[in-house]
Amino acid sequence: SDYRFQDDPYLTPKTSSEFKLFSLSQESGRNAAKYFISTYPKYFQKDYAQPHIPCLMPETLEAQIEEVSEAALIERIQMRKVKAAVDLYDQLQQAGTPVSLDVTNQLLDLICFYGDCDPAQENVPEQRNEETVGQENTLSHNKRSPCLVFSFRENNNAERIFALLSEPNTHSYSALIRGMVKYGAYSKAFSTYTDLLNNQLKADVSTFNALITAAPEVKEKYNEKWELIVDLLKQMAEQKVKPNLLTLNAVLKALRRCGTVGKSQAFPVISEMRALSIDPSLASYNHLLSIFYKPDILQEVMNEVSGKSFTPQDPDDACDPVWHLSLQCLDTKDIEQAYRVHELLGVGENWRLLGNDFQQNIYHARFFSLLCMMENIDVVLKWYRDLVPSVYYPSSNVMRDLLQVLDTDNRLDLIPQIWKDLKQLGHGNRQTLVEELLTLMAREKQNQEVQETFAECALDIKKMYDTGDRGKVMMSWTAGSLSDLVSVLLAAQRRQDAWEILKLFKTHNRVPSEELLDKFLTCIKESGDVNQALELVQISAGFCLPGTPKLIQRVQQEFLLSEQQK
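Presented here is an overview of the structure given in this document. (Residues numbered from 1 in each chain as written. Predicted model: local features only at pLDDT ≥ 70, side-chain atom pairs only at ≥ 80, totals over all residues. Heavy atoms only, no water.)

A look at helix α11 (residues 245–255)
And then number 1: Among the 11 residues of α11, nine are classified as buried, and the element is accordingly described as predominantly covered.
And then number 2: Residues of α11 that are buried include every one of Leu245, Thr247, Leu248, Asn249, Ala250, Val251, Leu252, Ala254 and Leu255, and no others.
And then number 3: The secondary structure elements touched by the buried residues of α11 are α9 (205–218), α10 (222–238), α12 (259–275) and α13 (282–292).
And then number 4: Here α11 starts with a cap whose side-chain oxygen sits 3.1 Å from the backbone nitrogen of Leu246, and that cap is Asn244. (Buried < 20%, exposed > 50% of the residue type's maximum accessible area, 1.4 Å probe, protein only. Helix = DSSP H or I, 4+ residues; strand = E, 2+ residues; numbered from the N terminus. Contact = heavy atoms within 4.5 Å. Polar contact = N/O pair within 3.5 Å; in protein donor to acceptor, adjacent residues only side chain to side chain.)

Next up, the structure:
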């Protein structure tokens, strides 16, 4: 089982929906605990831990310094209280109290990072109304935090405070430019950079990285975008600013927006950066794959990354590059490539970079489906036992792929075992899947031992039709599913059980096939039960089947009938 469930094995999830409920419940409980500790810290002051563990103690959410001073401003900046820090800065300005350039730069960093608004507090319950629900829907659609919706409006606090500086330095300009790029004011960012140069200052590497990211936004043609990027790189060289990994990734990310120009320049950029001892990160390879997306490039990237343990060095390294790389490898339907990807995930802690639970589930589904397509049943079952359910809860579609592998490799004897897994995984009420399973069991006669296990499995499936989940009927009988069920029971010499199922045709307004009734009559003949043979004829006549005369003829020829029975 997954390590997350070791504290309470009884509650270990068995299905994907149970896993989601478990995860949400666990997170909800953790958030509730944090909320109470943060809201009422005075009740949680006693420290039992030896030695002291700071992360287990309440956070200080209220400012301790009340007077209007630079120390109070620093405290609010450290607590990430944007609006309170701006208000205090304004009070200091009105009182004529000078604020050092260093502290002002810290304030600019705070405002430009959070977009002139307080960051959303974690673990705090929200008051929900129609307006907040509408905002939630918009934000969830955009997958952005509230502050990222902020636009760099005219005369915002960052620009206003910057304008108050008598002698802004490189840090001041850098904070403002990066904020403008982050919140979409690309043209403003370049004009601010021009002001920096006019004031005889040099930009730092973070400023150049931000401007390179913004370059595709201010030019329209591919070659113009690339020329602007080259111009910025030349200015870096002139100002003796050494590029870093983020510079490489900013250029590659921009080249994704440069069409054919991007394809011609991507590798020269990587070569030049390597000459400066800058090695690509996961995000770099992800950008490359987006620029080219060719199998040969994929092969080269896999050769580069195989056997390496990665740690995030760029914010984009945490934006699921391993997941994208994995899916692209699986798209090639190359099983050897898939094994290489899976091996890469086992190196160090690379698996952490695969993404959230939902993304991990998608990866494992694609990987397992490829195994079902390309490997024999022994290999597939080995992976099945390794992955399910410890790290992966397969969907009904993936389980259908597994059934097809059982059929292809003639291992239908494993069906009862797979049926138990299907029930445990919550797929016991998937009608198409259950019907396919019944069809496979009914198609060919197996040895008597296997047929007995099939019969038990078939009767267990009947219970799912009768009661469904939590007492609700989840599936409806079809003529095909009833016929398959009868066939399985007849093959196991369970004639009485099969007879009870045959009666369900009338109950559920379904019509049995002539072939099924012929098969049933053959089974009755072996026991010589004349009365049941006559009942079978009556059932056929009741459905007005065209094969009824033929069935009557068989009964007359194969059974000893009394005058009354005739």
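Digging into the packing of helix α2 (residues 70–78) against helix α3 (residues 82–94)
And then number 1: Interhelical geometry of α2 versus α3 gives an angle of 165 degrees and a closest axis separation of 9 Å. Overall, the two elements α2 and α3 adopt an arrangement that is roughly antiparallel. Two packed elements cross with a definite hand, and for α2 against α3 that hand is left-handed. Between α2 and α3, the contacting residues are Glu70, Ala72, Leu73, Arg76 and Ile77 on the first element and Ala84, Ala85, Leu88, Tyr89 and Leu92 on the second. (Axes fitted to C-alpha atoms, helices over the stretch in contact; angles between N-to-C directions. Parallel < 35°, antiparallel > 145°, perpendicular 65-115°, else oblique. Left-handed = near helix turned anticlockwise from the far one by under 90°.)

Observations regarding empty space enclosed by the protein
And then number 1: Tallied over the entire structure, the rule returns two cavities of 30 Å³ or more.
And then number 2: Empty space within the largest cavity amounts to approximately 50 Å³.
And then number 3: Lining the largest cavity, in full, are Glu514, Leu517, Asp518, Ser540, Leu545, Gly547, Thr548, Lys550 and Leu551.
And then number 4: When grouped by side-chain class, the residues that make up the lining of the largest cavity number three nonpolar, three polar and three charged. (1 Å grid on protein atoms, 1.4 Å probe; cavity = no way out; pocket = protein on both sides within 12 Å on 5 of 7 lines; lining within 4 Å. Points joined across faces, edges and corners; volume = space filled by probe spheres on them. Nonpolar A, V, L, I, M, F, W, Y, C, P; charged D, E, K, R; others polar.)

Section: unusual backbone geometry
And then number 1: Geometrically, the link from Gln50 to Pro51 is a cis peptide bond, its omega value of 0 degrees lying close to zero.
And then number 2: With respect to the helices and strands, the residue Pro51 is situated in the loop between α1 (16–39) and α2.
And then number 3: A positive phi angle, close to 65 degrees, is found at Gln493, a residue other than glycine.
And then number 4: When you line up the elements, Gln493 lands in the loop between α23 (479–491) and α24 (495–507).
And then number 5: At Cys544, a position not held by glycine, the phi torsion is positive, near 55 degrees.
And then number 6: As for its position among the elements, Cys544 is in the loop between α26 (530–542) and α27 (548–558).
And then number 7: Cys544 sits in the exposed class, given a relative accessible area of 64%.

A few points about the packing of aromatic side chains
And then number 1: Going through the model one piece at a time under the given rule, you end up with 14 aromatic pairs.
And then number 2: Seen from their ring centres, Tyr40 and Tyr43 are 6.3 Å apart, and the 45 degrees between their planes marks the pair as tilted.
And then number 3: Here Tyr465 and Trp477 contribute two aromatic rings whose centre-to-centre distance is 3.8 Å and whose plane-to-plane angle is 10 degrees, an arrangement assigned as stacked. Residue Tyr465 is found in helix α22 (residues 448–467), and its partner Trp477 is found in the loop between α22 and α23; the two are separated by 12 residues along the sequence.
And then number 4: Residue classification places Trp477 among the buried residues on the basis of a relative accessible area of 3%.
And then number 5: Members of the aromatic cluster, joined through ring pairs, are Tyr35, Phe36, Tyr40 and Tyr43.
And then number 6: The aromatic ring of Phe113 is capped on one face by Lys182, whose charged end is 3.8 Å from the ring centroid.
And then number 7: Above the ring of Trp383, the side-chain terminus of Lys382 is found at 4.6 Å from the ring centroid. (Phe/Tyr/Trp six-rings, centres within 6.5 Å; stacked < 30°, edge-to-face > 60°. Lys NZ or Arg CZ within 6 Å of the ring centre and 35° of its normal.)

A look at the pattern of salt bridges
And then number 1: Counting across every chain of the model gives 24 salt bridges.
And then number 2: Across the pair Arg274 and Glu304 runs a salt bridge, and its minimum N-O distance is 3.1 Å. Of this pair, Arg274 sits in helix α12 while Glu304 sits in helix α14 (residues 295–305), and the two are 30 residues apart along the sequence.
And then number 3: Residue Arg274 is classed as partly exposed on the basis of its relative accessible area of 37%.
And then number 4: In this structure, Asp518 engages Arg554 in a salt bridge whose closest nitrogen and oxygen atoms are separated by 3.6 Å. Of this pair, Asp518 sits in helix α25 (residues 514–527) while Arg554 sits in helix α27; the two residues are 36 residues apart in sequence, bridging distant segments of the chain.
And then number 5: Where salt bridges share partners, they join Glu452, Glu456, Arg494 and Asp497 into one cluster. (Salt bridge = Lys/Arg side-chain N within 4 Å of Asp/Glu carboxyl O.)

Concerning a nonpolar patch on the surface
And then number 1: The grouping of Phe36, Tyr40, Tyr43 and Phe44 at the surface amounts to a nonpolar patch, some 450 Å² of accessible area in total.
And then number 2: Residue placement: Tyr40 occurs in the loop between α1 and α2. (Patch = residues over 30% accessible without salt bridge, like charges linked within 9 Å, V, L, I, M, F, W, Y side chains within 5 Å. Areas by Shrake-Rupley, 256 points an atom, 1.4 Å probe, with all protein chains shown as cover.)

Topic: α9
And then number 1: Helix length check: α9 (14 residues) gives 20 Å between terminal C-alpha atoms against 20 Å at 1.5 Å per residue, within 8%.
And then number 2: Largest kink in α9: about 25 degrees, centred on Ile212, with the proline Pro216 one to four residues after it.
And then number 3: Burial analysis of α9 places 10 of its 14 residues in the buried class, which makes it a mostly covered element.
And then number 4: Of the positions making up α9, those classed as buried are Val205, Thr207, Phe208, Asn209, Ala210, Leu211, Ile212, Ala214, Ala215 and Pro216.
And then number 5: Where the residues of α9 are buried, they touch α7 (170–182), α8 (186–198), α10 and α11. (Expected span 1.5 Å × (residues − 1). Bend = angle between axes of the 7 residues up to and from the residue.)

Regarding the environment of Tyr392
And then number 1: Along the chain, Tyr392 turns up in the loop between α18 (377–387) and α19 (396–408).
And then number 2: Here Tyr392 falls in the buried class, since its relative accessible area comes to 1%.
And then number 3: Sequence spacing of Tyr392 and Ala498 is 106 residues, and the spatial spacing of their C-alpha atoms is 37 Å.
And then number 4: Apart from residues no more than four positions distant in its own chain, Tyr392 is found in contact with Asn361, His364, Ala365, Phe368, Leu387 and Val398.

What to know about the packing of α19 against helix α21 (residues 431–443)
And then number 1: At a minimum axis distance of 10 Å, the contact between α19 and α21 shows a crossing angle of 10 degrees. Comparing the axis directions of α19 and α21 gives the class roughly parallel. Judged by residue contacts, Ser396, Met399, Arg400, Leu403, Gln404 and Asp407 of α19 engage Thr432, Leu433, Glu436, Leu437, Leu440 and Arg443 from α21.
And then number 2: By residue class, the composition of the contact of α19 with α21 is five nonpolar, three polar and four charged.

Brief notes about the state of the cysteines
And then number 1: Tallying each qualifying case throughout the model produces zero disulfides.
And then number 2: A disulfide-free cysteine, Cys372 has its sulfur positioned 19 Å from the sulfur of Cys457, the nearest such atom.
And then number 3: When its relative accessible area of 9% is taken as the criterion, Cys372 is described as buried.
And then number 4: The thiol sulfur of Cys523 is not disulfide-bonded, and the nearest other cysteine sulfur, from Cys457, lies at 19 Å. (Disulfide = S-S within 2.5 Å.)

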